[in-house]
There are 2 protein chains.
Amino acid sequence: MTAFNDLMAYTRETEALGQVMGRLGWDQETMMPRGAAEQRGDEMAALSGVLHARRTDPRVGDWLEAAQATDPAGEAALRLIRRSFERTTKVPARLAAALAKTTSIAQGKWAEARKAQDVAAFVPVLDEVLKLKREEAAALASGGDLYDALLDDYEPGARAADLEAMFGALRPRLVALREAVLGSAHQPAELTGTYAETIQLELSAKLAAAFGYDFTRGRIDKAVHPFSSGSGSDVRITTRVAEDDPFNCFYSTIHEVGHACYEQGISPSYALTPMGQGVSMGVHESQSRIYENQLGRSRAFTGWLFSQMQEAFGGAGAADADAFYATVNKVKPGYIRTEADEVQYNLHVLLRFDLERDLVSGQLEAADLEEAWNTRFERDFGYPVDKPSNGCLQDVHWSVGLFGYFPTYSLGNVYAGCLNKALRESVLGVDAALASGDATPATAWLKENLQQHGGLRTPRETIRHACGFEPSEAPLLDYLEAKFGAIYKL
Amino acid sequence: MTAFNDLMAYTRETEALGQVMGRLGWDQETMMPRGAAEQRGDEMAALSGVLHARRTDPRVGDWLEAAQATDPAGEAALRLIRRSFERTTKVPARLAAALAKTTSIAQGKWAEARKAQDVAAFVPVLDEVLKLKREEAAALASGGDLYDALLDDYEPGARAADLEAMFGALRPRLVALREAVLGSAHQPAELTGTYAETIQLELSAKLAAAFGYDFTRGRIDKAVHPFSSGSGSDVRITTRVAEDDPFNCFYSTIHEVGHACYEQGISPSYALTPMGQGVSMGVHESQSRIYENQLGRSRAFTGWLFSQMQEAFGGAGAADADAFYATVNKVKPGYIRTEADEVQYNLHVLLRFDLERDLVSGQLEAADLEEAWNTRFERDFGYPVDKPSNGCLQDVHWSVGLFGYFPTYSLGNVYAGCLNKALRESVLGVDAALASGDATPATAWLKENLQQHGGLRTPRETIRHACGFEPSEAPLLDYLEAKFGAIYKL
């Protein structure tokens, strides 16, 4: 047992240092004085170097060879440590450094190009990023598919061919639903009114509590981009406020609470082990999206939110609870993924998934990206892109080198659809409780069947274990068609 | 130059990680959710292990042997790195671990004993701490004085014999001044009134700005104990608020601003080098105390504060600016060091200095501490200690193993006295500016002559360089006797 125990003790320290890294990122976005940015860069680079050295330490390889697990948790730990060790040691230090440097430059170029609406100014650096990412993928793939090797970083075990089949079934029905909804004679009203920031933040804390967020092991602050950060007993979230758009604050909060409850819900026995964090981006997104959409944007919960807003603001900007529900779920034409509703969101993601696979394989040149994007967008959404900041320059991801990340958003939505089906079949009274502002029956089921297990199983097994059936896109589609068919009287 | 450059690059990363450690401490006292305490302990232990391994890395010894400096800054860097390397490597890992464990237990025992007013319950663990500290001192002293070896951790180069001579001259004149002040027929009034927290905090930020605190490289938050944390471009402070005692908030803030301005004032070229932090506890305290007392509690500045309080609160609890000045500086009998005024503060410290030298040498047993404390207290203050929490159990320091720390408080006050004398002789119009809420002429002189140099010179040389004369206790005594003589009409 010595090798196993030594490896676990060493990993525990590495995980603890990983938490420190996360805390620095949180601080940077919430508390750090602006003049400290450069020094913080030095601090994070130093800690990042320590983490990389620990993760590639030859002793880890020796321990892995000698270690024997005696239970499923031990086996999972060894599997996850081996995976991390192999992936990290496969990428040469020279390449890792070149990627860090080039993506740092690329982010700056991207921001400038986006501001100037000048795709051509971004193309050369995107091309450099792509070359390096292909090199990284080749190092990781050991002869296998390049895109799969990158995807595996965010969704271990997933394969693009499987996702393609799933998304191929999703896309036509979403395109059709989008057309039907926007062509309906019954269009919900827009929200009216102004909603004071302090009251939005108070209500937002109440929403977090309603969904089971544990404030003794977390906190909510304001930040430009909402995010969740940390694992174990220190999981913090951020939200944002626009006084004319309280749904932005409320649903950002509920979305991040979904991420945070997943982390807070993991069994304390996995704390500071490789199982002590959400198992993949897709499974993480399934939690944020089911909290936000299937639960938070349900007729039952919006009914309660309507009364809460009436009480807090003296009015909720809608005639009654039914109208409020339709307003919360209003589908509007738009260019921007992050602002998209449940119907259109995945169409944005699928577009990126198809384009980035072609970029990685070399079938699509960076120079031809804009045209390919605009053509595809008009095909799925029915109208042309008006400017690059509304088109291929809208997301930061590719400049950061995040190829293989986008599909996990839609996979998360598909998983949320599966979990919602299983939840509704397993637990009675979910809606009755939501109608009184109590998400406990739903979130307790998610904790029991999914969250507590952390990284014990692979991502897909995690979902299958929780649902009791093979995950597919069908439940999400059925849910969306039923929900929006009713709202839009299709 | 390779060895020198390699050592500097390595040290830069270590310093950056040290800053991360400081940030975790700040977070723990200000932002951390209470349920995260245990995990934070694991995080800090892991980072602490990384820092210790880096500081004792044999490569540092090799580089130090081979490195050649080509300028005074390089020489200072080598001197400071050599000092840290030698001290850290001299203490065996077994002893360092025993000290960490025992002092952690001792802090808990101390808190319980203090609450129960039960010195006997604290004596056994204090005895254990002392044994370990003597062992540590012996490892560090290489045959020299044990107490000096511990003192050197906080005040490099200082020797107890020199401090004893200085404090020996301080004590009788302070005892006499205390008696005269408390026996005077002219006693200032106490502050009256209640002062709203939000307004205290606003005015406190205004005071920080008046003393030159740079908010683009720092921030102020509330905490149970005021402190300053961080170096370079991220130096944060905390303050506290009691609605019946606004001076607590204002002078805690100005004190911490003194510490913070020292760190913020260090030349950016020293950032993340061993010179990039305040050079010693004593020199640090000289900055916090001159800001707080010689500048902040001056007649000129309190005149401005009086008008600010009148404006902010609609009243400043005193008849006029002269009465307000006397109230700010009122001397009251009391048992507690941290609540003591300028006249009595050093008497508290000198008591601890004398007792802790005897504890380290073994001349005083832990079991006899209470009696020794109470005897000495009554001799200097004129009345007996009423209970242990007002006596030998009032400070956390000894339970943490901080032997050799106390004298740096008084050394800081002595240094502040010297700096105040030099400042007043060098800069005209200090008081005229303070009277309009502008500390710039004073703080600019301190930055130019002391703060910017960071750790370039030894602590005592730092003060001598700034003052232009050998530091002694005389300026502090002259200042105190003049100031309190006038207020109390002696």
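Residues numbered from 1 in each chain as written. Chains lettered and ligands numbered in written order. Predicted model: local features only at pLDDT ≥ 70, side-chain atom pairs only at ≥ 80, totals over all residues. Heavy atoms only, no water.

Under an unreviewed UniProt entry, the name given to chain A is Metal-dependent carboxypeptidase, and the source organism is Vannielia litorea. Its UniProt record gives chain A a comment under Function (unreviewed entry), which states: "Broad specificity carboxypetidase that releases amino acids sequentially from the C-terminus, including neutral, aromatic, polar and basic residues." Within the UniProt record for chain A, the comment given under Catalytic activity (unreviewed entry) is "Release of a C-terminal amino acid with broad specificity, except for -Pro." (UniProt positions renumbered as here; feature names shortened; annotations may be inferred.)

### Some points on the relation of the copies chain B and chain A
Laying chain B over chain A is done by rotating through 180 degrees and shifting 0.0 Å along the axis; what remains is an RMSD of 0.0 Å. Taken together, the rotation and translation relating the two chain copies correspond to the operation of a two-fold axis. Most of the interface of chain B is mirrored in chain A, where 100% of its interface residues are also at the interface. (Least-squares fit on C-alpha atoms with pLDDT ≥ 70 in both. Contact = heavy atoms within 4.5 Å.)

### Topic: the UniProt feature "binding site: Zn(2+)" (unreviewed entry) in chain A
Residues and elements named next belong to chain A. The sites that UniProt annotates as "binding site: Zn(2+)" (unreviewed entry) are H255, H259 and E285. In terms of the greatest pairwise C-alpha distance, the residues named above, spread along 31 residues, form a tight cluster of at most 8.7 Å across. Looking at where H259 falls in the secondary structure, it is placed in helix α10 (residues 246-265). The exposure class assigned to H259 is buried, which follows from its relative accessible area of 12%. Ignoring any residue separated from it by four or fewer positions in sequence, one finds H259 in contact with S228, H284, E285 and S288. Looking at the secondary structure, you find E285 in helix α11 (residues 281-295). Not counting residues within four places of it along the chain, the set of residues in contact with E285 comprises H255, H259, T408, Y409 and G412. (Helix = DSSP H or I, 4+ residues; strand = E, 2+ residues; numbered from the N terminus. Buried < 20%, exposed > 50% of the residue type's maximum accessible area, 1.4 Å probe, protein only.)

### Let's talk about the environment of Y291 of chain A
Residue and element names in this part refer to chain A. When you line up the elements, Y291 lands in helix α11. Taking the C-alpha atoms as reference, Y291 lies 10.0 Å from T253; in sequence the two are 38 residues apart. What Y291 contacts, discounting residues up to four positions off in sequence, is F211, I254, V257, G258, C261, G296, T443, L446 and Q451.

### Notes on the pattern of salt bridges
Residues and elements named next belong to chain A. Under the definition given, this model contains 74 salt bridges over all chains. The partner of K133 in a salt bridge is E136, with the nearest N and O atoms 2.8 Å apart. You can see K133 and its partner E136 sitting in helix α6 (residues 119-141), three residues apart, about one turn around the helix. On the accessibility criterion, K133 (7% relative accessible area) is buried. Assessed through its relative accessible area of 11%, E136 is described here as buried. Between R376 and D354 there is a salt bridge whose closest N-O contact spans 2.7 Å. Residue R376 is located in helix α15 (residues 369-381), and its partner D354 is located in helix α14 (residues 345-361); the two are separated by 22 residues in the primary sequence. On the accessibility criterion, R376 (8% relative accessible area) is buried. (Salt bridge = Lys/Arg side-chain N within 4 Å of Asp/Glu carboxyl O.)

### Points about the packing of aromatic side chains
Enumeration according to the criterion identifies 44 aromatic pairs over all chains in this entry. Both rings, one in Y335 of chain B and one in Y383 of chain B, keep their centres 5.6 Å apart while their planes meet at 85 degrees; by these two values the pair is edge-to-face. Here Y383 of chain B lies in the loop between α15 (369-381) and α16 (397-400) and Y335 of chain B lies in the loop between α13 (321-328) and α14 (345-361), a separation of 48 residues in the sequence. Members of the aromatic cluster, connected to one another through ring pairs, are Y154, Y345, W373, W398, F403, Y405, F406 and Y409 of chain A. (Phe/Tyr/Trp six-rings, centres within 6.5 Å; stacked < 30°, edge-to-face > 60°.)

### Section: unusual backbone geometry
Excluding glycine, residues mostly have negative phi values, and the peptide bonds linking residues are mostly trans. Residue and element names in this part refer to chain A. With phi around 55 degrees, Q117 is a residue other than glycine that occupies positive phi space. As for its position among the elements, Q117 is in the loop between α5 (93-116) and α6. Phi is positive for K489, which is not a glycine, with a value near 50 degrees. Mapped onto the elements of the fold, K489 is located in the segment after α20 (474-487).

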